[in-house]
Amino acid sequence: MRYIPVGRVIADHGLGGAVKFKYYNEVAEDFYRYSSLLINKDGRQTELKSTEVRFSKGFFYLKFEGLNSPEKVSFLINQELYVREEDLPPLDNDEYYDYQLIGLHIANHKGEIIGMVSRVIHTGINDILEVKGKVETLVPMVEGLILKIDLKESLIILDEDALPV
């Protein structure tokens, strides 16, 4: 079973054990589908059951069962929270989760490997792939530049001629 990070706890919030949570997905409504979240604690996945979920100004404010003070949630600060891969919302055919792109090889249209995706950067305008190879390259995920994304082959093919200089 795979566990996928869906966000990071930024800080505690108030005296009742709430935490401020940055959800990675752009569609905030998708977060409400999760009845529990998981944290990697001492090498094991520990389940956290939500008792309160509130969204305000780009952040979720969460309370969890049995964690009712700032001291009890302190272990969550700056930690990523996860869900089971099968609990993720389904995507359209031309959509991908960040974790699916990281580690894919990048090749030019001749099939020559030029690097590997190390990270996905969200800019608000379009996403950018950070590619590690002989040189680090930033590749905007725009139509015309990305020719094909093949998860089965672990490969992204791009048109190098369309790369910004």
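Bear in mind the structure is a predicted one, so any value in this text is a computation, not a measurement. Think of each chain on its own: its residues are numbered from 1, step by step along the sequence as written. It should be noted that, the model being predicted, local features are given only for residues of pLDDT at least 70 and side-chain atom pairs only at 80 or more, the latter also being counted only at that level, while totals for whole chains, interfaces and linings use all residues. Heavy atoms from the whole structure form the basis of all side-chain values; hydrogens and water molecules are not counted.

Looking now at the overall build of the chain. Helical segments are the DSSP runs of H or I of at least four residues, strand segments are the runs of E of at least two, and each set is numbered from the N terminus. Secondary structure summary: the chain contains two helices and 12 strands in total. For the chain, the α and β elements follow one another from N to C terminus as β-β-β-β-β-α-β-α-β-β-β-β-β-β. Only heavy atoms matter for contacts: two residues are in contact if any of them lie within 4.5 Å across the pair. Within the chain, residue pairs in contact and separated by at least 24 positions form 49% of the contacts whose partners lie at least 6 positions apart. When the accessible area of the chain is evaluated, it comes to approximately 10,300 Å², of which 48% is carbon and sulfur surface. Counting rule applied: Lys, Arg positive; Asp, Glu negative; His and chain ends not counted. In this description, the location of a charge corresponds to atom NZ of lysine, CZ of arginine, CG of aspartate or CD of glutamate. The averaged location of the 27 negative side-chain charges in the chain is 7 Å from the averaged location of its 19 positive side-chain charges. Accessible areas in this description were obtained via Shrake-Rupley with a 1.4 Å probe; residue shielding takes into account the shown protein chains only.

As a further point, take the nonpolar core. Put simply, buried Ala, Val, Leu, Ile, Met, Phe, Trp, Tyr and Cys residues joined by side-chain atoms within 4.5 Å make one nonpolar core. Each residue is assigned to one of three classes by its accessible area relative to the maximum for its type, calculated with a 1.4 Å probe on protein chains only: buried under 20%, partly exposed between the two thresholds, exposed over 50%. Phe21, Leu37, Phe64, Leu76 and Leu81 are the most contacted members of the largest nonpolar core, which has 23 residues in total. Once residues within four sequence positions are removed from consideration, Phe64 is found in contact with Val19, Leu37, Leu48, Lys49, Ser50, Thr51, Leu76 and Leu81. Listed in part, the 13 residues of the second largest apolar core include Leu101, Ile106, Val117 and Leu129.

In this structure, Lys57 is a non-glycine residue whose phi angle is positive, near 50°. In this fold, Lys57 is placed in the loop between β4 (44-56) and β5 (59-64). Overall, Lys57 belongs to the exposed group, its relative accessible area being 77%. In this model, Ser154 sits at a positive phi of 55°, which is unusual for a non-glycine residue.

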